[in-house]
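Chain and residue survey
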Amino acid sequence: MLEIKNLHARIAEDGTEIIRGLDLTVKAGEVAAIMGPNGSGKSTLSYILSGREDYEVTEGDILYNGESILELDPSERAAKGIFLAFQYPVEIPGVATMQFLKVAMNEQRKYRGEDELTTPEFMRRVKEAAAELKIAPEMLRRPLNVGFSGGEKKRAEILQMALLEPKLCVLDETDSGLDIDALKVVADGVNALRSPDRAVVVITHYQRLLDYIVPDTVHVLYKGQIIKSGDKTLAHELEAKGYADIIEAAA
Amino acid sequence: MNMQQAIKMTAAETALVDAYGAQIGDLPGDGAVLSLRDTLVHELRTAGLPTRRIESWHYTDLRTLLRDVPAADPSAFADRVEAIVPGSSVLSVRNGQADLKSVPEGIKARSYTDSLVDGSAAAGLAILGADDAIGRINGGLVRGGLEIAIAEGAEFAAPIEIQVVQSHGQAHTRFPVSFGAGSKATVIERHVSTSAEASFVSTVSDVTLGEGADVIWIVVQQQGPADTHLGQIRFDLAKDAKLHIFVINAGGKLVRQELHGRASGEGADLTLRGINLLGGESHTDVTFTLTHAVPHTTSSEIIRNVIFDRARGVFQGKILVAKDAQKTDAKMACNTLLLSDEADMSAKPELEIFADDVQCGHGATVADIDHTQLFYMLARGIPEKKARAMLVNAFVAEIVEELEDDEALVEALEGVISAWLEKHA
């Protein structure tokens, strides 16, 4: 589903290279965890996958279902099924949460040549998904993410993911700022979306989240490269020993 | 020999003075009114329109910006249009003539032309000071309008819409409106153009609130793309009176909307909200002055400007707190979204405080669309054009939503904004 080949990317503004020859393949149905110390390029990778303009790909390619997505803008990538759950969901005063959800869902449908949802159908879907994630209706009446607690913001991200039904989900540090109860709700939401035709990339600093979203593969990112890959035991190893040994072994 | 001919008149100055000359004998007024008109036009001829050298006109050099003025055309009236909020009582003015067909109970309304003819309008025609160009032009040329008195304690289920519809030519109107003690009303002052042909509109509203009156005054300015709109609202607030002024400028090529008021009674409260939507080569200026004259009065002003293309916006806001006006609470903010490199905004908030126990503040911001917000919306599959329109709309929608008690009104104002954005964004 996702093939990243020898990817090199830098910050557009100052040319600092962050991703330095990254290779990664994630199959449909797979949950891949990307772990790495601070500054290894984890968040940058998530932004590059979703097409943020602040980064420039200088070499290599990103294939999604066999096609390069480098020329697509972020909204096209999203409409094709790539979803990024933000580490820091953005507050947008003046845009009602419900309006935002409806526009996003219908714009994606339009792009794919599908009919727009009727209002009752839209309401039904939101109500169902919100109940699963224990999101109160009052929260949905507020402007998007405005005044949401850290946990509410992360739950709202998973709500959007559930409603938009993406094929490739990228979760950027979704566990940061969550207490254990909120973490469980979010993990349950993600697990409910696991399916044979959907891939999930979980980007995280700590192993904690991976107790709840159990990955099929674990990849260690360091200085813009994957330096080691393995199964879920690799995450436990990292938790026990830290990154130093692996970094040394790869050097 | 007339030695006072000090300046070489511009085309616009000539057109205004000529408009007066052409209508002499036809402009309504008793002796006092006519002599006042003469003085005002004489001042216009000798001093000319204000230039940037006059402080209050520094950012709107009217003499340079006003290239020409269309000739007055008595046939330039247009028909009354549908009320902007369904169910409103519409009082309209067409080519200076008041249409008093649907005056609701609790309101006394008469044609301002009659007040000019019987001379009762004379005192109100005085200008606010030597630099009051709008008062001067309007006082010289005003043909009509509406004089409205709202009864004490009167309340209305629906808004009262004052409608000025113009197709081309000139319109000079006045609206002295007094709200009796304890009355509660929403008035919509609406300026609409029905054609793309140039109009020149001057209008002065003189709004007085009696004790405890609670008034929402909305100005909806939707002039045509070639129009000049010079508007002025004067207001005075008695004890515990509450006035919420909401101005939306969504039209015109050259616009100056002045608001000059005074909190005269303790407990008086003013809220000013302004939305200025500018595109093309238009120039829109909102100039506000407020005197907190007595203790324990409050005011809050928020102006939001959205500027596209090569348009220029101006906001001047001056709050004056008199020496005795202790415990004044005044907050003023002007926020601008500049959406093109060639767009321009000048903001000049000022506080002049003579009392020592007050809470006053002001701030001005200028920004582009927030790129983090834009990326977030794109990352959810919303195309860039749509995402930008939503963010621009969000920037101004916040202050419309403050009027949430009247859903139909909020919907109507949101309609004005989205219609404008659809055309320009």
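Predicted, not measured: the structure shown is a model, and the values here were computed from it. (Residues numbered from 1 in each chain as written. Chains lettered and ligands numbered in written order. Predicted model: local features only at pLDDT ≥ 70, side-chain atom pairs only at ≥ 80, totals over all residues. Heavy atoms only, no water.)

**What to know about the overall build of chain B**
The secondary structure content of chain B amounts to eight helices and 19 strands. A principal-axis box enclosing the C-alpha atoms of chain B has dimensions of 70 × 45 × 45 Å. Relative to its full complement of 425 residues, chain B shows a buried share of 55%. A sequence separation of at least 24 residues applies to 84% of the contacts in chain B between residues at least 6 apart. With an accessible surface of roughly 16,600 Å², chain B has 50% of that area assigned to carbon and sulfur atoms. The averaged location of the 59 negative side-chain charges in chain B is 4 Å from the averaged location of its 37 positive side-chain charges. (Helix = DSSP H or I, 4+ residues; strand = E, 2+ residues; numbered from the N terminus. Buried < 20%, exposed > 50% of the residue type's maximum accessible area, 1.4 Å probe, protein only. Contact = heavy atoms within 4.5 Å. Areas by Shrake-Rupley, 256 points an atom, 1.4 Å probe, with all protein chains shown as cover. Lys, Arg positive; Asp, Glu negative; His and termini not counted. Charge placed at Lys NZ, Arg CZ, Asp CG, Glu CD.)

**A short note on the side chain of Arg77(A)**
Residues and elements named next belong to chain A. Checked against the element boundaries, Arg 77 lands in helix H2 (residues 74-79). No salt bridge forms around the buried Arg 77; measuring N to O, its nearest opposite-charge neighbour Asp 73 is 6.9 Å away. At 3.0 Å, the side chain of Arg 77 and the backbone oxygen of Ile 69 are in polar contact. The contact partners of Arg 77, leaving out residues within four places of it in the chain, are Ile 48, Leu 49, Ser 50, Gly 51, Ile 69, Leu 70, Leu 72 and Ile 82. (Salt bridge = Lys/Arg side-chain N within 4 Å of Asp/Glu carboxyl O. Polar contact = N/O pair within 3.5 Å; in protein donor to acceptor, adjacent residues only side chain to side chain.)

**Focus on the nonpolar core**
One finds Ile4(A), Leu22(A), Leu159(A), Leu171(A), Ile248(B), Ile275(B) and Leu413(B) to be the most contacted residues of the largest nonpolar core, which totals 122 residues. A per-element tally of this core places helix H7 (residues 384-400) of chain B first, with nine residues. When residues of this core are assigned to domains, at least three fall in each of domain 1 (77-369) and domain 2 (370-424) of chain B. One finds Ala154(B), Val187(B), Val215(B) and Leu237(B) within the second-largest nonpolar core, a separate group that totals 52 residues. (Core = buried A, V, L, I, M, F, W, Y, C linked by side-chain atoms within 4.5 Å. Domains from an automatic or database assignment.)

**Observations regarding the UniProt feature "domain: SUF system FeS cluster assembly SufBD core" (unreviewed entry) in chain B**
When the UniProt feature table is mapped onto this chain, "domain: SUF system FeS cluster assembly SufBD core" (unreviewed entry) is found at residues 169-395 of chain B. Measuring from the first to the last C-alpha atom of residues 169-395 of chain B gives 35 Å, for a span that is 9% helix and 61% strand. (UniProt positions renumbered as here; feature names shortened; annotations may be inferred.)

**Examining the confidence of the model for chain A**
When pLDDT is averaged along chain A, the result is 93; 100% of the residues meet or exceed 70. Highest mean pLDDT in chain A belongs to H2(A) (97); lowest belongs to helix H9 (residues 244-250) of chain A (83). (pLDDT = per-residue confidence, 0-100.)

**What to know about the sheet that holds strand E8 (residues 199-209) of chain B**
Residue and element names in this part refer to chain B. Taking strand neighbours across the sheet as the criterion, the nine strands line up as E3-E4-E6-E8-E10-E12-E14-E16-E18 in an open arrangement whose pairing is mixed. For this open sheet the edge positions go to strand E3 (107-111) and strand E18 (344-353), each flanked by a neighbour on one side alone. Averaged over all pairs of adjacent strands, the angle between their axes in this sheet comes to 10°, without regard to strand direction. Across five bridges, strand E4 (residues 144-150) lies against strand E6 (residues 169-179) in parallel orientation. Paired with Gly 144 across the bridge in E6 is Thr 173. Across the face of the sheet, helix H5 (residues 133-141) comes into contact with E6, E8, strand E10 (228-237) and strand E12 (254-263) while running at roughly 100° to E6. (Pairing = 2+ DSSP bridges. Axes fitted to C-alpha atoms, helices over the stretch in contact; angles between N-to-C directions.)

**Considerations on the side chain of Glu301(B)**
Residue and element names in this part refer to chain B. Mapped onto the elements, Glu 301 comes out in strand E15 (residues 298-307). Of the side chains bearing the opposite charge, Arg 273 lies closest to the buried Glu 301, which forms no salt bridge; the N-O distance is 6.8 Å. When near neighbours in sequence (up to four residues on either side) are disregarded, Glu 301 contacts Leu 270, Leu 272, Arg 273, Phe 288, Leu 290, Ile 319, Lys 331, Met 332 and Ala 333.

**Considering a negative patch on the surface**
There is a patch of like negative charges on the surface, built from Glu401(B), Glu404(B), Asp405(B), Glu407(B), Glu411(B) and Glu414(B). Its location among the elements puts Glu404(B) in the loop between H7 and helix H8 (407-424). (Patch = residues over 30% accessible without salt bridge, like charges linked within 9 Å, V, L, I, M, F, W, Y side chains within 5 Å.)

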